[in-house]
Amino acid sequence: MNSSFGTAPFQSNGVTIQSIKTQDRRFILTDGAGTDAVHRNPQYAYAVCLLQTDSPWKGVGLAFTLGAGNDLVCKAIEYLSESLVGREIEELMADFGQVYRSLADSPSMRWLGPHKGVVHLALAAIVNACFDLWAKSRQVPLWKLLLDLPAESLVNTLDLSYLEDVLTREQAIELLEGAASSRPGRMDVFTRGYKGYDTSVGWFNFSDERLVENAHRSLDRGFTALKLKVGSDDPKRDIRRAQLVRNTVGEQTTVMLDANQRWHLPQALSICQELKNIMPYWIEEPTHPDDLLAHKTIAEVLNPFKIAAGEHIPNKVIFKNFLQAGAMAFCQVDVVRVGGVSEFLTISLLARQYGVPVVPHVGDMGQIHQHLVLFNHVGMGHENLFLEHIPHLRNHFVHPATITDGYYQVPQEFGSSSDLID
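Residues numbered from 1 in each chain as written. Predicted model: local features only at pLDDT ≥ 70, side-chain atom pairs only at ≥ 80, totals over all residues. Heavy atoms only, no water.

Considering the sheet that holds strand β1 (residues 17-28)
Right, so step 1: The strand order across the open sheet built from three strands is β1-β2-β3, with neighbouring strands paired in antiparallel fashion. The strands lining the two open edges of the sheet, one partner per strand, are β1 and β3 (59-65). Adjacent strand axes in the sheet meet at a mean angle of 20°, parallel and antiparallel pairs treated alike.
Right, so step 2: Examined bridge by bridge, β1 and strand β2 (residues 43-53) share eleven bridges and lie antiparallel to one another. When the bridges of β2 are listed, I28 appears paired with Q43.
Right, so step 3: Packed onto the sheet, helix α5 (residues 117-137) meets β1, β2 and β3 and runs at close to 150° relative to β3. (Pairing = 2+ DSSP bridges. Helix = DSSP H or I, 4+ residues; strand = E, 2+ residues; numbered from the N terminus. Axes fitted to C-alpha atoms, helices over the stretch in contact; angles between N-to-C directions. Contact = heavy atoms within 4.5 Å.)

Digging into the confidence of the model for the protein chain
Right, so step 1: Here the protein chain shows a mean pLDDT of 96. Residues at 70 or above account for 98%.
Right, so step 2: Considering only residues more than four positions removed or in separate chains, one finds that residues 1-9, a stretch of pLDDT under 50, has 20 contacts. (pLDDT = per-residue confidence, 0-100.)

Topic: the pattern of salt bridges
Right, so step 1: Scanning the entire structure with this criterion turns up 23 salt bridges.
Right, so step 2: Here R217 makes a salt bridge to E213, at a shortest N to O gap of 2.7 Å. Of this pair, R217 and E213 both sit in helix α10 (residues 208-220), four residues apart, roughly one helical turn.
Right, so step 3: Its relative accessible area of 40% is what places R217 among the partly exposed residues.
Right, so step 4: A salt bridge links D233 to R262, with the shortest nitrogen-to-oxygen separation between them at 2.4 Å. With D233 in the loop between β5 (225-229) and α11 (235-249) and R262 in the loop between β6 (254-258) and α12 (265-275), the pair connects residues that are 29 residues apart, well separated along the chain.
Right, so step 5: Accessibility expressed as a relative area gives 63% for D233, which makes it exposed. (Salt bridge = Lys/Arg side-chain N within 4 Å of Asp/Glu carboxyl O. Buried < 20%, exposed > 50% of the residue type's maximum accessible area, 1.4 Å probe, protein only.)

Let's talk about the environment of P141
Right, so step 1: Mapped onto the fold, P141 is located in the loop between α5 and α6 (142-148).
Right, so step 2: Along the sequence, P141 and Y194 sit 53 residues apart, while their C-alpha atoms lie 16 Å from each other.
Right, so step 3: The contact partners of P141, leaving out residues within four places of it in the chain, are A135, H371, P411, Q412, E413, F414 and G415.

Some words on the environment of L211
Right, so step 1: Within the secondary structure layout, L211 lies in helix α10.
Right, so step 2: Between the alpha carbons of L211 and P107 there is a distance of 49 Å; along the sequence they are 104 residues apart.
Right, so step 3: Setting aside anything within four residues of it in sequence, one finds L211 in contact with V201, G202, F206, L228, R241 and V245.

Some words on the packing of helix α3 (residues 96-104) against α5
Right, so step 1: Closest axis-to-axis distance for the α3/α5 pair is 11 Å, and the angle between their directions is 155°. With respect to α5, the element α3 is oriented roughly antiparallel. Here α3 runs over α5; the crossing is right-handed. Here α3 contributes F96, Y100, L103 and A104 to the contact with α5, which in turn contributes H120, L123, I126, V127, C130 and F131.
Right, so step 2: Considered class by class, the residues forming the contact of α3 with α5 number nine nonpolar, one polar and no charged. (Parallel < 35°, antiparallel > 145°, perpendicular 65-115°, else oblique. Left-handed = near helix turned anticlockwise from the far one by under 90°. Nonpolar A, V, L, I, M, F, W, Y, C, P; charged D, E, K, R; others polar.)

So, the state of the cysteines
Right, so step 1: Under the counting rule described, the total for this entry stands at zero disulfides.
Right, so step 2: Of all cysteine sulfurs in the structure, the one in C331 sits closest to C272, which takes part in no disulfide; the separation is 19 Å.
Right, so step 3: By relative accessible area, which is 0% here, C272 ends up buried. (Disulfide = S-S within 2.5 Å.)

Brief notes about the packing of aromatic side chains
Right, so step 1: Applying the stated criterion to the full structure yields 15 aromatic pairs.
Right, so step 2: Relative to F64, the ring of Y46 lies with its centre 5.8 Å away and its plane at 50°, an arrangement referred to as tilted. Of the two residues, Y46 is situated in strand β2 and F64 in strand β3; the sequence distance between them amounts to 18 residues.
Right, so step 3: For Y46, a relative accessible area of 0% gives the class buried.
Right, so step 4: In this structure F64 comes out as buried when scored by relative accessible area, which is 8%. (Phe/Tyr/Trp six-rings, centres within 6.5 Å; stacked < 30°, edge-to-face > 60°.)

Put into structure tokens, the structure is as follows:
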């Protein structure tokens, strides 16, 4: 791959956005799948942005919710996306960072956030649709589109506003150019694939017997890392189940714990002390996602116990604050929960600046993230750890992510793997 960077002027390919449609897609989960300490009866849902063009290509963008209010996100997509009609995709993406900022700072819609909630989820769907259409129009997978872009062209797709104190445009370009020379040493990921970890082992409502059965099945499928939901009303249940999983999989298997924001600070400190005995790789969302100081306290008191966060951190500014405070050891930014691919890449650059690995939460079931972690590793030099795997919606995607022996296989289809079966 080309490791020399410069400014590449866009060349029109004639793919123009003719109209924009939305879909409210909801999927019922059964038999305890998807349950956690806070969300006891989840319904997975996508607010879908569809960019209709005058070509064979259609841009598909997803934002993830749990059902209720998904229609509100769809309505916000309609409001925010009006200015994109008539835009040619190469011209649009040539300076997409400015487009992104104009959408995010839409004067009246911004008042409903800013940069969080329903409006920001709508922005995620729009932005993801733009990147999907861009990759499809160039007839490449999203990961290849991103890796082939010159550093300056990629940074042109980002909005670095409010980050100038820690990440300037020049620093972002320098980081990408600096990682280019060492790309050959990271190319083996395209041969083996990207390691996954299994979240579906330990949903909250699963019985002890099912935990054990799922853990054995996960190991048989080649996974060497898995996750357990905690946050029970009775902490003894969490401790017992965590020990059960550890005893089942042995000391060599990586086990993560996820409290889904269930505890207040004193509870988190007390229960995490007990859970340390099973040697967890991290504890995820131990308290309210907005409580930066509580996360910082937990990280300091329980060190070397590691904190993972980001599933419900809404935007790059709050991620910046968490990173500045040392309140997260693993950054779980989710491309269908923040402002789409553009903000995901921005936050990944921030995390790279701070030496914090990006291990995304996958509201997209890993479909888009399988592209983005490849770029993060090869294009930014992020550590190759693993990517969450959730299988429950794979039958609804045209090109479901493929897992072989516990590894995500490199997607080859054009675009971001976001197309849903009608």
